[in-house]
Amino acid sequence: MSSDAEAAYEALIQFLYRAPVALIQLQSDGAIEMLNPMAAQLLMPLAPQGDLLNLFTVLAPYADDLPRLCGSFAASHGVICEGRRLLVTAAQPQAGAPAVLSLGLLKVDDGRLMAVLADVTQEVAREQRQLASRLASAARVDVLTQLPNRAGALGMLQRMVQRPRRAEDAAGALLFINLDRFKQINDSHGNEAGDRVMVLVAERLRSTLRASDRAPGRHGASELAARVGGDEFAVLLDGLPGPDIAERIAARLLDRLSKPYQLGAQELACSFSMGIVLLGADADGAEADDLLRDAATAMAVAKAGGGDRYAVFAPAMREQAALRGGLEADLRHAVERGELFNVYQPVVGLQADGQVDRAAGVEALVRWRHPVRGLVGPVEFIGVAEECGLISAIGEQVLAAACADFVGWQRQLGARAPRLLAVNLSRAQLAQPGLCGRVGAILRATGMPAERLQLEITESLAAQGQNIQQQLLEFKAMGIKLALDDFGTGYSSLSSLHLLPVDTVKIDRSFVSAADTSRHHEVLIEATVKVARSLGMSTVAEGIETVQQAAVVRRQGCDKGQGYLYSRPLAAEALMAWLMAEHSL
Ligand code: C2E
Ligand code: MG
Ligand code: MG
């Protein structure tokens, strides 16, 4: 060998010797012919007896298919396997030792193989860390809307309140947003429609927040939306110039969110309730969980106030929430113990000669005689009953008692007995299948003529859903009358009145109470009466408290009136006395 050739040979040996990968030359049965030091270093710990005669034997505990793999490789040369990972941890309990090897096998010719081994322990660990962090962030994202989920929101909130605040951006806020009557959307349009609405709400939140007009040039101002429950969203506002800004953003969000949603060919009107927790400097160190709960409590207050509004959290609300929780348990007993009873408010006929017809009708209104809290009104407990599934039991109890009372008056009072019985129907009742059948059974059991019963549904309810329309038509087919309650406060407008199968429109108290002082309200009453009449519907003015209001609704042509001016709601016996009284109003 020339000295040049010798030098080249030496260089090659050095190269193989120092290479940071393990190289092994084998016979086709795995017998090791040659290996470099790296190979020895990686393989020695796997061969407890220090016997490095056959690679297949050494690796058998981790890959026992190597002889078969090589034996069945038909081509004269080529790659048999590449980057095959071998978990060798079990044989190597010492710290820092290779845990994962990567194996490549190459067929050089018919008699010989080449193996390449590398320690990929670090690489695998890195991959696993990446995977874990991807999984963790997936666990923080809501699949449906792609917004952060509850865990994500809590994490961000916690970081926000833990971070020391600078004086100039002392204000932040947490908004908790809940769709009013989401259950009703699911019940009447199906869960898919409910999901679709959630996606649309999320999109609107995203675009509204992104487009928000923040003070230019502010650093650290951020607005983030998350979906924290079925129909619950949270918005985190940080770096606000002042707490009043939070309310401004809240009002704007509510406004944008309540624009109608397009569901296929249908437009769906939605409203939202929102609770706001203002995060001043005193929020430092607060627990994210507690803040979210406070925001939810404020939201519940906004909802109890009728929804479509926001409420700013105040500590006193916590007690109210506890009270509401207690109410639910008490309400279950109330139904069983018969603590609920009906009162009746007369609905008078407004005659052309200025007289009132006392026997036109009555409306049944439920009351609860609570053993500790005294008399509780329906506004306080109907919502709770709807949420906890008691509304059907209560509604049917009210209807049965009212029908029995009504039939009794007919017997005792003859011509002076009320001619029509109005009973309120809750939206949750209408969502229950089989309602018409159960109402029919109550009518038969009490001997109540169907055409004397008027079921009252709120305007917002009647405007929504095929199922509800179907139920209403079924009631009509039974001969039952239908009234649209609280007209003017809901979603349907005069222009869609003709789509509803109702006989009577009850004009909401908020219009009537302003009728004598606001020309605008008087015009609305006038228009409602005209449209209703053109559709063959009658009208009732609700909540008449003064003779002036009575005069206006009479002048505008309302057929009937109801309100404290004529009578407050009365217990059954007191109503009998009122009906028998001679004096006129
Ligand atoms: P509504 O059906 O619109 O009933 C009229 C409400 O207005 C009654 O309140 C009545 O007491 C009140 N009201 C009548 N005249 C006047 C007045 O001149 N001034 C004022 N300030 N208020 C007047 P109530 O009994 O508290 O009932 C409130 C609502 O609760 C009802 O509104 C109805 O939506 C619901 N509700 C009552 N009873 C039942 C029931 O048995 N089932 C269901 N589902 N809802 C009911
Ligand atoms: Mg009513
Ligand atoms: Mg009403």
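Residues numbered from 1 in each chain as written. Chains lettered and ligands numbered in written order. Predicted model: local features only at pLDDT ≥ 70, side-chain atom pairs only at ≥ 80, totals over all residues. Heavy atoms only, no water.

## Some thoughts on the coordination of the magnesium ion (ligand 3)
Looking at the metal site, the magnesium ion (ligand 3) is ligated by Asp 485 (OD), Asp 486 (OD), Glu 542 (OE) and Glu 542 (OE), spaced 2.0 to 2.7 Å from it. Each donor residue of the magnesium ion (ligand 3) lies on the same chain, and together they follow the pattern D-D-x55-E. Distance-wise, the magnesium ion (ligand 2) is placed 4.2 Å from the magnesium ion (ligand 3), both being coordinated by Asp 485. On the basis of relative accessibility, which here comes to 6%, the residue Asp 485 falls in the buried class. Using a relative accessible area of 25% as the deciding quantity, one classes Asp 486 as partly exposed. (Donors = N, O, S within 2.8 Å, 3.2 Å for Na, K, Ca; no water. Buried < 20%, exposed > 50% of the residue type's maximum accessible area, 1.4 Å probe, protein only.)

## A closer look at the environment of Gly 50
Secondary-structure assignment places Gly 50 in the loop between helix 2 (37-43) and helix 3 (55-59). Residues Gly 50 and Ala 302 lie 252 residues apart in sequence; the distance between their C-alpha atoms is 77 Å. (Helix = DSSP H or I, 4+ residues; strand = E, 2+ residues; numbered from the N terminus.)

## Points about the site of ligand 1
The immediate surroundings of ligand 1 are formed by 23 residues, with Arg 367, Asn 424, Asp 485, Glu 545 and Tyr 564 found nearest. One nitrogen or oxygen atom from the side chain of Asn 424 is found 2.8 Å from an oxygen atom belonging to ligand 1. Take Tyr 564: an N or O atom from its main chain is 2.8 Å from an oxygen atom of ligand 1. Burial of ligand 1 by the protein chains amounts to 84% of its free accessible area of 800 Å². Looking at the shell around ligand 1, the elements with two or more residues in it are strand 14 (356-370), helix 12 (378-387) and strand 18 (481-487). At 4 residues, the largest contribution of residues to the shell around ligand 1 is made by strand 14. Class assignment for the residues of the shell around ligand 1 results in 10 nonpolar, 5 polar and 8 charged. (Near = heavy atom within 4 Å. Polar contact = N/O pair within 3.5 Å; in protein donor to acceptor, adjacent residues only side chain to side chain. Areas by Shrake-Rupley, 256 points an atom, 1.4 Å probe, with all protein chains shown as cover. Nonpolar A, V, L, I, M, F, W, Y, C, P; charged D, E, K, R; others polar.)

## Observations concerning the pairing of strand 5 (residues 112-119)
Two strands pair when backbone bridges link them, and strand 1 (residues 22-27) and strand 5 are joined in this way by 6 bridges, in the antiparallel orientation. Within the sheet, the bridge partner assigned to Leu 23 lies in strand 5 and is Val 116. In this structure, strand 4 (residues 100-107) lies alongside strand 5, joined through 7 bridges in antiparallel fashion. Across the sheet, the residue bridging to Leu 106 is Met 114, located in strand 5. Where strand 4 hands over to strand 5, the hairpin turn is made up of 4 residues, counted between the paired strands. (Pairing = 2+ DSSP bridges.)

## Focus on helix 10 (residues 288-304)
In a regular helix each residue adds 1.5 Å, so 17 residues correspond to 24 Å; helix 10 covers 24 Å between its end C-alpha atoms and thus fits that length. Three or more residues of helix 10 are buried, namely Ala 288, Leu 291, Leu 292, Asp 294, Ala 295, Thr 297, Ala 298, Met 299 and Ala 302. Phi for Gly 306, located one or two positions after helix 10, is positive at around 115°. (Expected span 1.5 Å × (residues − 1).)

## Here's the deal with the packing of helix 10 against helix 11 (residues 316-337)
Where helix 10 meets helix 11, the axes come as close as 10 Å, and the angle between the chain directions of the two elements is 70°. The angle between helix 10 and helix 11 places the two elements in the roughly perpendicular class. Seen along the crossing, helix 10 lies across helix 11 with a hand that is left-handed. On helix 11, the residues that touch Arg 293, Asp 294, Thr 297, Ala 298, Val 301 and Ala 304 of helix 10 are Met 317, Arg 318, Gln 320, Ala 321 and Arg 324. (Axes fitted to C-alpha atoms, helices over the stretch in contact; angles between N-to-C directions. Parallel < 35°, antiparallel > 145°, perpendicular 65-115°, else oblique. Left-handed = near helix turned anticlockwise from the far one by under 90°. Contact = heavy atoms within 4.5 Å.)

## Describing the packing of aromatic side chains
Where two aromatic rings form a pair, the distance of their centres and the angle of their planes describe that pair. Scanning all chains against the criterion turns up 4 aromatic pairs. Where Trp 368 meets Phe 381, the ring centres are 5.6 Å apart and the plane angle is 85°; that geometry is what we call edge-to-face. Highlighted residues: Trp 368 in strand 14 and Phe 381 in helix 12, separated in sequence by 13 residues. Of the residues examined, Phe 381 reaches a relative accessible area of 0% and is grouped as buried. Through successive ring pairs, a cluster of aromatic residues spans Tyr 344, Phe 406 and Trp 409. Here Arg 358 stacks its cationic end above the ring of Trp 578, 4.0 Å away from the centre of that ring. Directly above the aromatic system of Tyr 564 lies the positively charged group of Arg 568, at a separation of 3.8 Å from the ring centroid. (Phe/Tyr/Trp six-rings, centres within 6.5 Å; stacked < 30°, edge-to-face > 60°. Lys NZ or Arg CZ within 6 Å of the ring centre and 35° of its normal.)

## A few points about empty space enclosed by the protein
Counted by the stated rule, this structure contains 3 cavities of 30 Å³ or more. Quantified by volume, the largest cavity comes out at close to 80 Å³. As for the largest cavity, its lining consists of 13 residues, and the residues nearest its centre are Val 347, Leu 420, Ala 422, Gln 454 and Lys 560. Mapped onto the lining of the largest cavity, the elements with two or more residues apiece are strand 14, strand 16 (421-424), strand 17 (453-458) and strand 19 (504-507). When residues in the lining of the largest cavity are grouped by element, the largest group, 3 residues, is from strand 14. Taken together, the residues of the lining of the largest cavity sort by class into 7 nonpolar, 3 polar and 3 charged. (1 Å grid on protein atoms, 1.4 Å probe; cavity = no way out; pocket = protein on both sides within 12 Å on 5 of 7 lines; lining within 4 Å. Points joined across faces, edges and corners; volume = space filled by probe spheres on them.)

## Focus on the state of the cysteines
As enumerated under the stated definition, the model contains 0 disulfides in all. Free cysteine: Cys 403, not disulfide-bonded; nearest cysteine sulfur from Cys 436 at 14 Å. On the basis of relative accessibility, which here comes to 0%, the residue Cys 403 falls in the buried class. (Disulfide = S-S within 2.5 Å.)

## Quick notes on the pattern of salt bridges
Tallying each qualifying case throughout the model produces 24 salt bridges. The partner of Lys 303 in a salt bridge is Asp 180, and the shortest N-O contact between them spans 2.7 Å. In this pair, Lys 303 is assigned in helix 10 and Asp 180 in the loop between strand 6 (171-179) and helix 7 (182-189), connecting sequence segments 123 residues apart. Asp 180 sits in the buried class, given a relative accessible area of 6%. In this structure, Lys 259 engages Asp 255 in a salt bridge whose closest nitrogen and oxygen atoms are separated by 3.5 Å. (Salt bridge = Lys/Arg side-chain N within 4 Å of Asp/Glu carboxyl O.)

## Things to note about the domain arrangement of the protein chain
In terms of domain boundaries, the protein chain breaks down into domain 1 (3-123), domain 2 (144-314) and domain 3 (325-580). A separation of 35 Å is found between the C-alpha centroids of domain 2 and domain 3. (Domains from an automatic or database assignment.)

## Some points on the environment of Arg 555
In this fold, Arg 555 is placed in helix 20 (residues 547-555). Separated by 413 residues in the primary sequence, Arg 555 and Asp 142 have C-alpha atoms spaced 57 Å apart.

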